[in-house]
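This is what each chain is made of:
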Amino acid sequence: MKLYHFPPSPNSRRVLAVAYYLGIEPDLVTVLKPDFVKLNPKHKIPTLVDDDFVLWESSAIMLYLLTKKPDNSLYSDDPRTRADINRWLFWNIAHWSPACGIFIYEYLVKKFLDQGDADPGEIRKGEELYRRYAGVLDDHLQGRDWLVGNNLTVADFAVASVLDLADAAHYPADQYGEINRWYGNIRQLDAWKKSAPENFKW
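Residues numbered from 1 in each chain as written. Predicted model: local features only at pLDDT ≥ 70, side-chain atom pairs only at ≥ 80, totals over all residues. Heavy atoms only, no water.

Asker: Requested: an account of the packing of helix H5 (residues 120-140) against helix H7 (residues 177-187), with residues and values cited.
Answerer: Helices that pack against each other are described as a pair by the angle of their axes relative to one another and the distance between those axes. The geometry of H5 relative to H7 is characterised by a closest axis approach of 8 Å and an angle of 65° between their N-to-C directions. Comparing their axes, H7 and H5 come out roughly perpendicular. Of the two elements, H5 crosses H7, and the hand of that crossing is left-handed. Facing H5, whose interface residues are Ala 134, Leu 137 and Asp 138, H7 presents Gly 177, Glu 178, Ile 179 and Trp 182. The class makeup of the residues in the contact of H5 with H7 is 4 nonpolar, 1 polar and 2 charged. (Axes fitted to C-alpha atoms, helices over the stretch in contact; angles between N-to-C directions. Helix = DSSP H or I, 4+ residues; strand = E, 2+ residues; numbered from the N terminus. Parallel < 35°, antiparallel > 145°, perpendicular 65-115°, else oblique. Left-handed = near helix turned anticlockwise from the far one by under 90°. Contact = heavy atoms within 4.5 Å. Nonpolar A, V, L, I, M, F, W, Y, C, P; charged D, E, K, R; others polar.)

Asker: Can you lay out the environment of Glu 106 for me, pointing to particular residues and giving the numbers?
Answerer: Looking at where Glu 106 falls in the secondary structure, it is placed in helix H4 (residues 79-112). Along the primary structure Glu 106 and Glu 122 are separated by 16 residues, whereas in three dimensions their C-alpha atoms are 7.6 Å apart. When sequence neighbours within four positions are dropped, the list of residues in contact with Glu 106 reads Asp 117, Ala 118, Asp 119, Glu 122 and Ile 123. Polar side-chain contacts of Glu 106 include one of 3.1 Å to the side chain of Lys 110. (Polar contact = N/O pair within 3.5 Å; in protein donor to acceptor, adjacent residues only side chain to side chain.)

Asker: Give a description of the environment of Asp 84 that names residues and reports values.
Answerer: Turning to its location among the elements, Asp 84 is positioned in helix H4. Residue classification places Asp 84 among the buried positions, given a relative accessible area of 18%. Spatially, the C-alpha atom of Asp 84 lies 9.0 Å from that of Leu 147, the residues being 63 residues apart in sequence. (Buried < 20%, exposed > 50% of the residue type's maximum accessible area, 1.4 Å probe, protein only.)

Asker: Describe the layout of surface pockets, with residues and values.
Answerer: Approximately 410 Å³ is the volume attributed to the second largest pocket. If you go around the second largest pocket, you meet 18 residues; those closest to its centre are Leu 163, Ala 166, Asp 167, Tyr 183 and Arg 187. Of all the secondary structure elements, the ones that give two or more residues to the lining of the second largest pocket are H7 and helix H8 (190-194). Considering each element in turn, the lining of the second largest pocket owes the most residues, 5 residues, to H7. In the lining of the second largest pocket, the residues fall into 9 nonpolar, 3 polar and 6 charged. (1 Å grid on protein atoms, 1.4 Å probe; cavity = no way out; pocket = protein on both sides within 12 Å on 5 of 7 lines; lining within 4 Å. Points joined across faces, edges and corners; volume = space filled by probe spheres on them.)

Asker: Hey, could you go over the environment of Tyr 64 for me, with residue numbers and the actual values?
Answerer: Relative to the elements of secondary structure, Tyr 64 occurs in helix H3 (residues 58-68). Expressed as a C-alpha distance, the spacing of Tyr 64 and Asn 151, which sit 87 residues apart in the sequence, is 20 Å. Every residue in contact with Tyr 64, bar those within four places of it in the chain, is listed here: Leu 48, Asp 50, Phe 53 and Leu 55. A polar side-chain atom of Tyr 64 sits 2.7 Å from a polar atom in the side chain of Asp 50.

Asker: Describe the sheet that holds strand E1 (residues 2-5), with residues and values.
Answerer: Taken in spatial order, the 4 strands of this open sheet run E2-E1-E3-E4, and their pairing is mixed. Every interior strand has two partners, whereas the edge strands, strand E2 (27-30) and strand E4 (53-56), have only one. Across the sheet, the mean angle from the axis of one strand to that of its neighbour is 20°, orientation sign disregarded. Taken together, the 4 bridges between E1 and E2 define a ladder with parallel strand orientation. Bridging across to E2, Tyr 4 finds its partner in Val 29. Along the sheet, helix H1 (residues 10-21) contacts E1 and E2; its crossing angle with E1, the most-contacted strand, is approximately 155°. (Pairing = 2+ DSSP bridges.)

Asker: Please give an account of H3 that cites residues and values.
Answerer: For H3, every residue scored as buried is listed here: Ser 58, Ser 59, Ile 61, Met 62, Tyr 64, Leu 65 and Leu 66. On its buried side, H3 packs onto H1, strand E3 (47-50), E4, H4 and helix H6 (154-160).

What follows is the structure, encoded as structure tokens:
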């Protein structure tokens, strides 16, 4: 099993953290290779290759990895619990990651690609969206260690993945104490530590 990834990408990290948590050690391939374009028509990472099966979209990859270890605790057989996990996976894709992604692009990606300074208009848009969705997440986490039920699930990895870049990308995150507390729990996980990019600075 190969995982084509870009180490500092939140999309890559959430997949890698889930893999490591499940005890799966994929062969890691950096994306900056010509072959990658043939595998993924979106030209985006991560992409998983398992024998002749090619899968892209990070949430789909995480759910596929769970099938490799069916006795795992990151998902659930209970229909309501599973629906709740899925709700946070979809919320992350539709709202949370795009809001954080504005800061990542404006402050980090543009700098990395030498595309100029952050656009103030985009930053204002990002701040509005971030505060809207961070408020939802912060309120939900009151009195909770994890997003769903009393146990770590795949939803925690998905939603937490963009927070690794909060400082570097200047998220307006200081006022959200519940998010910061919960993310502190994520940061203590061995799988999360192992998935951290090495020797890379934006």
